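# Fold and contact review
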Amino acid sequence: AGVVVARAFYTLRTPKHPAPGEARHLTSSGMGEGRVLSISSSVVYGYVGNKASTFPMQLLGFDVDPINSVQLSNHTGYKIFRGQKLEGVDMDKLMEGLEKNDFLATYTHLMTGYLGKETFIERVSSIVLKMKERNKNLLFVCDPVMGDNGKLYVPEAFISIYRDKLIPHAALVTPNQFEAEKLSESKITDLDSAYQAAAQIVRRGAKNVVITSLELKGRQEDYIDVIAVGESIGKGRYYHLALPRQPGKYSGCGDLCTSLLLVWFTKHPGDFKAILEKTFASIQSVIRRTRTYGTKRCGWTELELIASRGDIALPKITQRASECQVSSACS
């Protein structure tokens, strides 16, 4: 009897699903901001990949459905880690289930992070096209996770796959400095060359680019720089944000960053001053709390993500983004 009652209550209270082909994008007066299909890595212990990005998006009003390209016991900065990477055929099975249940049309956003194997990223490139067929307004946010500090940790083939098959369909691309250099085939030494690298990625089809961490000569000891380039900002112009460098190594910051950029890009379309300020205010607060209360293991400190929920929901802005023109001062 209890099961029958519970089932009846669920039937009465659950809102109607959207019809096949009808994209679900609910406003603040409805149930949420949208539904995100998030394809990235994940861990059992700690916060990287989907473990770092899902909670912030949910907290800020989005439904999030994760597909884990990689499932590990913990991130690879530890001496020991175990787990597995999905192959392309594994992705095929998951997508078949989503398609046959007419779920693809319910997604308003697609976000990609670390994609693991070459067969897997090839499948993702076809999934982007398929999802855009179901919903022409799909917002695709691409974090081209390939490496950092001068080192690739994916096959070399990923560079051309991102450049030719994923980036042309992205509303927002979020590389770090090393990834931006690989995608643009250029060297970044200052803000002007960072703009040129981002503009080259835009010329390849991306609508907007945020280079999320720049270590520039003469500034790298004290600051991490961020720039945004895109169609809403205009040719020869960009937004710049300088962040005080905080000591330490923190896993999952890039994944957290991309998820927050997706949120604020959706809530403040085209307003990169607000997008950058809110995103990085939260990240700086999370890192500060992690420095104070986090536990350091193997040289890395896991993010104090849940304890920082207030700073994620209501970012306290202390650093302001400036609008700049190439080869001139910022305003």
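See the structure shown above.
Residues numbered from 1 in each chain as written. Predicted model: local features only at pLDDT ≥ 70, side-chain atom pairs only at ≥ 80, totals over all residues. Heavy atoms only, no water.

## A word on helix H7 (residues 191-203)
A rise of 1.5 Å per residue sets the reference length of H7, with its 13 residues, at 18 Å; its end C-alpha atoms lie 18 Å apart and thus fit the reference within 8%. When we look at burial in H7, the residues that qualify are Leu191, Ser193, Ala194, Tyr195, Ala197, Ala198, Ala199 and Ile201. Here the buried face of H7 lies against helix H6 (177-184), strand S9 (208-214), strand S10 (223-230) and strand S11 (237-244). The opening residue of H7 is Asp190, an N-cap whose side-chain oxygen sits 3.4 Å from the backbone nitrogen of Asp192. Once H7 finishes, Gly205 follows within two positions and takes phi at roughly 125 degrees, a positive value. (Helix = DSSP H or I, 4+ residues; strand = E, 2+ residues; numbered from the N terminus. Expected span 1.5 Å × (residues − 1). Buried < 20%, exposed > 50% of the residue type's maximum accessible area, 1.4 Å probe, protein only. Contact = heavy atoms within 4.5 Å. Polar contact = N/O pair within 3.5 Å; in protein donor to acceptor, adjacent residues only side chain to side chain.)

## Observations concerning the side chain of Thr106
Mapped onto the elements, Thr106 comes out in the loop between helix H3 (88-100) and strand S4 (109-112). Overall, Thr106 belongs to the buried group, its relative accessible area being 11%. In terms of polar contacts, Thr106 uses its side chain to reach the backbone carbonyl oxygen of Phe103, at 2.6 Å.

## Topic: the pattern of salt bridges
One pass over the full model with this rule turns up 18 salt bridges. The closest approach of N and O atoms between Glu33 and Lys267, which form a salt bridge, is 3.0 Å. Placement of the pair is Glu33 in the loop between helix H1 (2-13) and strand S1 (34-43) and Lys267 in helix H8 (residues 253-267), with a sequence separation of 234 residues. For Glu33, a relative accessible area of 17% gives the class buried. Across the pair Glu96 and Lys100 runs a salt bridge, and its minimum N-O distance is 3.1 Å. Note that Glu96 and Lys100 are positioned in helix H3 at a spacing of 4 residues, about one turn of the helix. Overall, Glu96 belongs to the partly exposed group, its relative accessible area being 40%. A cluster of three or more residues bridged by salt bridges with shared partners is formed by Arg35, Asp63 and Asp65. (Salt bridge = Lys/Arg side-chain N within 4 Å of Asp/Glu carboxyl O.)

## Focus on helix H2 (residues 50-59)
Where H2 is concerned, the buried positions are Asn50, Ala52, Ser53, Thr54, Pro56 and Met57. Lining the buried residues of H2 we find S1, strand S2 (62-72), S4, H8 and helix H10 (309-313). In the segment just after H2, Gly61 is the residue with positive phi, at about 105 degrees.

## A closer look at the environment of Leu104
Summarising the element assignment, Leu104 is placed in the loop between H3 and S4. A sequence separation of 30 residues divides Leu104 from Arg134, and the C-alpha atoms of the two residues are 6.8 Å apart. Excluding anything up to four places from it in sequence, Leu104 contacts Met95, Leu98, Glu99, Lys130, Met131 and Arg134.

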